[in-house]
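Examining the three-dimensional arrangement
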Amino acid sequence: MNPGPATRESSVTDPPVAAARRRVLARSRIDFWFDAVLLVTFTLAYSLRFTGIATHEWLGIGLGAALLVHLTLHWDWVVRATRRLLRRGGRERFIWLVTLLLLVSMTLCIMSGILISQVALPELGITLPASSFWRDVHGTTATLTLILVPVHVALDWRWIAGVARRLAARRSGEPR
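Residues numbered from 1 in each chain as written. Predicted model: local features only at pLDDT ≥ 70, side-chain atom pairs only at ≥ 80, totals over all residues. Heavy atoms only, no water.

If you add up the space inside the largest pocket, you get close to 1200 Å³. Taken together, 40 residues make up the lining of the largest pocket; nearest its centre are D35, H70, H74, H152 and D156. Those elements giving two or more residues to the lining of the largest pocket turn out to be α2 (15–46), α4 (53–73), α5 (75–84), α6 (91–115), α8 (132–155) and α9 (157–172). Of the residues that constitute the lining of the largest pocket, the class distribution is 24 nonpolar, six polar and 10 charged. For the second largest pocket, the calculated volume is near 500 Å³. Of all the secondary structure elements, the ones that give two or more residues to the lining of the second largest pocket are α2, α4, α6 and α8. For the lining of the second largest pocket, the element with the highest residue contribution is α4, accounting for six residues. Residues that form the lining of the second largest pocket fall into these classes: 14 nonpolar, eight polar and two charged. (1 Å grid on protein atoms, 1.4 Å probe; cavity = no way out; pocket = protein on both sides within 12 Å on 5 of 7 lines; lining within 4 Å. Points joined across faces, edges and corners; volume = space filled by probe spheres on them. Helix = DSSP H or I, 4+ residues; strand = E, 2+ residues; numbered from the N terminus. Nonpolar A, V, L, I, M, F, W, Y, C, P; charged D, E, K, R; others polar.)

Written out as structure tokens, the structure is:
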């Protein structure tokens, strides 16, 4: 029996398709591990009693840099999702809104954390006057971020689980 074009294994017989698939899988792997490191780093940074103020501040500054990298890596999604907003509703808009709120919240949290720094900035020779306003902003946005991160993870759970399954199958030698 001769399989028709719809059942053909394109990854075996069509090198450009196979190469594109490998690029997508490689990119998914990078996104997965980068996001996992971001989540662990955020969790550690939020655990001020565990890390201490110096580590908390340096992790926060590192998260700021990582947030820029994350946004750059996912800029194509930002553009596509923003364009789709006008055409779709419901879940797509909710995901976009949660992502935007998380971006604003994390940005304000990191920025306010830098502005109230007690260790990192002074180590760099920068001293800023104490500000209860920025301390309040930092506390509020940290709490909001703590709420939004699990929501963001939950909304992407199907993607996370799918990539994790593919990574586990690849390590065990199972077909993808």
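From this point on, the discussion continues.
Right, let's get into α5. Within the sequence span of α5, burial applies to V78, A81 and R84. Taken end-on, α5 shows its buried residues confined to a sector of 135°, consistent with a single buried face. (Buried < 20%, exposed > 50% of the residue type's maximum accessible area, 1.4 Å probe, protein only. Arc of directions from axis to C-beta.)

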